[in-house]
Amino acid sequence: GSRQFDQRLVWVDRQGKIEPIAAPTRAYAYGDAAALSPDGQQIVVSIHSGTEELWIYDLARGSLTRLTSEQGSSISPVWTPDGRRVVYRSNRGGNWNLYWRAVDGSGSEERLTTSETLQTPQSWSPDGKVLAFSEIAGGSRDILTLALEGERKPTVFLQTRFEENNPQFSPDGHWMAYTSDE
């Protein structure tokens, strides 16, 4: 396997100025492995420890608390708009499906999708009722949505022969931006 190195979490402003965060050094993953909470008070990060697990760093308290501890890896965290939950992808069920968990540790992890595809959570509608995610199936990446009310069945949003990825709801929830190689 690849070697993992301890790293620091830092703030980077628009001018590129770097300011370290007081969080302890760990084998933090990079890419889509960290996300700032909607209120700016917590950061969810993925840390390598044989598998990748999600931890919550509380900026005010300076505490690092494990969020996921089940078997397998958990990555690609996305906060719900109310900041009460984090949705992520995990392979503990065999395939990379979507799960979520309350940030305060109450309740247990809940699996949101059951699919043989690779799914990555991307964006919530502003009201927190719909999750947009990407899915790789049959060699192509498409965009789906999952309504959290009702039967919670994934719905195709955009499926073409091209690669669509990174869906992001607009602030008013009426539009969705995405990337494509069309």
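These notes cover the structure that comes with them. Everything quoted here is computed from the prediction, not taken from an experiment.

## What to know about the overall build of the chain
Here comes step 1: When helices and strands are counted, the chain shows 0 helices and 16 strands.
Here comes step 2: Taken over C-alpha atoms, the radius of gyration comes to 17 Å for the chain, in line with the 16 Å a tight globule of 182 residues would show.
Here comes step 3: Relative to its 182 residues, the chain shows a buried fraction of 41%.
Here comes step 4: About 10300 Å² of surface is accessible on the chain, with carbon and sulfur atoms providing 47% of the total.
Here comes step 5: In the chain, which carries 18 positive and 24 negative side-chain charges, the distance between the mean positions of the two groups comes to 5 Å.

## So, unusual backbone geometry
Here comes step 1: You will see that S76, though not glycine, has its phi angle at about 60 degrees, which is positive.
Here comes step 2: Tracing the chain through its elements places S76 in strand β7 (residues 74–79).
Here comes step 3: A relative accessible area of 1% places S76 in the buried class.
Here comes step 4: If you check the backbone angles, N166 has positive phi at about 55 degrees while not being a glycine.

## A look at the pairing of strand β4 (residues 42–49)
Within a regular strand, the side chains alternate between the two sheet faces.
Here comes step 1: Counting buried positions along β4 gives 6 out of 8 residues, so the element sits mostly inside the fold.
Here comes step 2: Here 3 bridges tie strand β3 (residues 34–36) to β4, and the two strands are oriented antiparallel to one another. The residue of β4 that forms the bridge with A34 is V45.
Here comes step 3: Taken together, β3 and the strand that follows it, β4, pair antiparallel across an intervening segment of 5 residues, in which G40 is found at a positive phi of about 70 degrees.
Here comes step 4: Alignment of β4 against strand β5 (residues 51–58), held across 8 bridges, turns out to be antiparallel.

## Remarks on the packing of aromatic side chains
Both the distance between ring centres and the angle between the ring planes are used here to describe each pair of aromatic rings.
Here comes step 1: Evaluation of the coordinates by the stated rule reveals 2 aromatic pairs.
Here comes step 2: Taken together, a centroid distance of 6.4 Å and an interplanar angle of 10 degrees make the contact between Y88 and Y99 stacked. Of this pair, Y88 sits in strand β8 (residues 85–90) while Y99 sits in strand β9 (residues 97–102), placing them 11 residues apart in sequence. As far as burial versus exposure is concerned, Y88 and Y99 are alike and both buried.
Here comes step 3: Aromatic side chains W100 and W124 sit 6.0 Å apart centroid to centroid with 25 degrees between the ring planes, which places their arrangement in the stacked category. Of this pair, W100 sits in strand β9 while W124 sits in strand β11 (residues 118–124); the two residues are 24 residues apart in sequence, bridging distant segments of the chain. This pair shows no difference in class: W100 is buried, exactly as W124 is.
Here comes step 4: The ring centre of W100 lies 4.3 Å from the NZ or CZ of R85, which sits over that ring.
Here comes step 5: Note that R92 overlies the ring of Y99, its terminal NZ or CZ placed 5.7 Å from the centroid.

## Let's talk about the sheet that holds β3
Here comes step 1: Judged by pairing direction, the sheet is antiparallel, and its 4 strands sit side by side in the order β3-β4-β5-β6 without closing on themselves. Both outer strands of the open sheet, β3 and β6 (63–66), are each paired with one neighbouring strand and no more. Averaged over all neighbouring strand pairs, the angle between strand axes comes to 25 degrees, with direction disregarded.

## Some points on the sheet that holds β7
The pairing of strands in a sheet happens through backbone hydrogen bonds and is either parallel or antiparallel.
Here comes step 1: Spatially, β7-β8-β9-β10 is the arrangement adopted by the 4 strands of the open sheet, whose pairing is antiparallel. A single partner strand is all that each edge strand has here, and the edge strands are β7 and β10 (110–111).
Here comes step 2: As defined by bridge partners, β8 adjoins β9 across 6 bridges and the pair is classed as antiparallel. The partner of Y88 across the bridge, within β9, is Y99.

## Re the pattern of salt bridges
Here comes step 1: Applying the stated criterion across every chain yields a total of 5 salt bridges.
Here comes step 2: With a shortest N-O distance of 2.9 Å, R92 and E109 are connected by a salt bridge. Taken as a pair, R92 in the loop between β8 and β9 and E109 in the loop between β9 and β10 lie far apart in primary sequence, 17 residues in all.
Here comes step 3: For the salt bridge of E149 with K129, the shortest nitrogen-to-oxygen distance reads 3.8 Å. Of this pair, E149 sits in the loop between β13 (140–147) and β14 (155–158) while K129 sits in the loop between β11 and β12 (130–137), and the two are 20 residues apart along the sequence.
Here comes step 4: Among the residues examined, K129 registers a relative accessible area of 38% and is labelled partly exposed.

Conventions we followed
- Residues numbered from 1 in each chain as written.
- Predicted model: local features only at pLDDT ≥ 70, side-chain atom pairs only at ≥ 80, totals over all residues.
- Heavy atoms only, no water.
- Helix = DSSP H or I, 4+ residues; strand = E, 2+ residues; numbered from the N terminus.
- Rg over C-alpha atoms; globule rule 2.2 N^0.38 Å.
- Buried < 20%, exposed > 50% of the residue type's maximum accessible area, 1.4 Å probe, protein only.
- Areas by Shrake-Rupley, 256 points an atom, 1.4 Å probe, with all protein chains shown as cover.
- Lys, Arg positive; Asp, Glu negative; His and termini not counted.
- Charge placed at Lys NZ, Arg CZ, Asp CG, Glu CD.
- Pairing = 2+ DSSP bridges.
- Phe/Tyr/Trp six-rings, centres within 6.5 Å; stacked < 30°, edge-to-face > 60°.
- Lys NZ or Arg CZ within 6 Å of the ring centre and 35° of its normal.
- Axes fitted to C-alpha atoms, helices over the stretch in contact; angles between N-to-C directions.
- Salt bridge = Lys/Arg side-chain N within 4 Å of Asp/Glu carboxyl O.

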